[in-house]
Amino acid sequence: HIAVFGSTNMDLVAYVAKAPQRGETVTGREFRTLPGGKGANQAVAAARAGATVAMIGAVGNDAFGSGLRSALDHSGVDTDLLRTVEGPSGTAHIVVDDDGGNAIVVVPGANASLTALSAGDTAEIAAADALLLQLETPLEGVLAAARAARESGVRTLLTPAPAQPLPPELLAATDLLLPNEHEAAALTGIDDPAAAAAALLSQVPEVVVTLGAAGSLYAARGAAPVTVPARRVTAVDTTGAGDTFVGALAVSLAEGTPMPQALEWASAASALSVQRPGASASMPYRTEIDGAAGG
Ligand code: ADP
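Residues numbered from 1 in each chain as written. Predicted model: local features only at pLDDT ≥ 70, side-chain atom pairs only at ≥ 80, totals over all residues. Heavy atoms only, no water.

**What about the site of the ligand?**
Right, on to step 1. Neighbouring the ligand are 16 residues, the closest being Asn 180, Thr 210, Gly 212, Gly 215 and Gly 242.
Right, on to step 2. At 2.9 Å, a backbone N or O of Gly 215 approaches an oxygen atom of the ligand.
Right, on to step 3. In the complex, 85% of the free accessible area of the ligand, which totals 550 Å², lies under the protein chains.
Right, on to step 4. Among the secondary structure elements, those contributing two or more residues to the shell around the ligand are helix H8 (241-254) and helix H9 (259-274).
Right, on to step 5. Take the shell around the ligand: its biggest share by element is 3 residues, from H8. (Near = heavy atom within 4 Å. Polar contact = N/O pair within 3.5 Å; in protein donor to acceptor, adjacent residues only side chain to side chain. Areas by Shrake-Rupley, 256 points an atom, 1.4 Å probe, with all protein chains shown as cover. Helix = DSSP H or I, 4+ residues; strand = E, 2+ residues; numbered from the N terminus.)

So this is what it looks like as structure tokens:
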């Protein structure tokens, strides 16, 4: 049973040959609305990987809000603690060009209201096997959720994205920090992922740095670091790879799987997701992950 506290966004994606410059208008080829937000993505990943998942978040009272809620419901995520607040839902305005490059504007909308926990949120977190946190909602709310987990002895997994300086109190309440290589470098000022992970161990007991097609690196206090290679697959869309990885890893750890095997399973899950288009749409279900992981 996993609790996720975090963002829910509608991704509004325009596909163009070449992104417009300032003052320029270009004609796009295609437009898609895709449910996203790192919180919601991790919730979908964990639910599809086989856990009972509750999403603590907020959507607006607009059409995107009802779409986001039903997308979560559809993946089997419990949305009882997803509030609907006055105003627009969170949106990400994404321009993808033919080279696969992108430019993104995120407008937090309803996500900005997540500054504190309700009594129901606190009870949900206290009853969970793990709490998943990211940084697309206000830090004070993230901190309140981390504190609630710590008070109940619940394992907290923090994805420090988007990268920003972290209050020491948040790191002190984090059990496992999961930056990608860019976030690890931004947090520490150290470019080498292994050295960055080692530096982060002074603040958190366990770190996993994800390295894209190069896999992931696990570091824990008092143990030699472990590198887990990525599966060799043909990637068509790596959006949401990290969220798939975190969701699957949380499920495997919550089931009592030791870290190295849990990392292998998460790596199989994220390798499946990069072979299909979309962020949450590409996330694999448990039977597929077990099949790919050979377990
Ligand atoms: P993020 O999406 O947060 O930037 P990464 O790109 O590091 O995260 O990807 C997370 C995980 O997804 C990696 O550790 C790896 O296991 C898997 N992954 C990412 N890209 C690929 C790829 N091209 N091929 C296979 N696995 C991949």
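**So, the pattern of salt bridges**
Right, on to step 1. Applying the stated criterion across every chain yields a total of 10 salt bridges.
Right, on to step 2. Its salt-bridge partner being Glu 169, residue Arg 147 comes within 2.6 Å of it at the nearest N-O pair. One end of the pair, Arg 147, is in helix H4 (residues 139-151); the other, Glu 169, is in helix H5 (residues 168-172), and 22 residues separate them in sequence.
Right, on to step 3. What makes Glu 169 partly exposed here is its relative accessible area of 38%.
Right, on to step 4. Residue Glu 288 pairs with Arg 276 through a salt bridge whose shortest N-O separation is 2.7 Å. Residue Glu 288 is found in helix H10 (residues 286-293), and its partner Arg 276 is found in the loop between H9 and H10; the two are separated by 12 residues along the sequence.
Right, on to step 5. Judged by relative accessible area, Glu 288 falls into the partly exposed class, the value being 28%. (Salt bridge = Lys/Arg side-chain N within 4 Å of Asp/Glu carboxyl O. Buried < 20%, exposed > 50% of the residue type's maximum accessible area, 1.4 Å probe, protein only.)

**Quick notes on the pairing of strand E2 (residues 9-16)**
Right, on to step 1. The buried fraction of E2 amounts to 7 of the 8 residues, a majority that puts the element mostly inside the structure.
Right, on to step 2. With 7 bridges connecting them, E2 and strand E3 (residues 30-36) associate as antiparallel partners. Paired with Tyr 15 across the two strands is Glu 30, which belongs to E3. (Pairing = 2+ DSSP bridges.)

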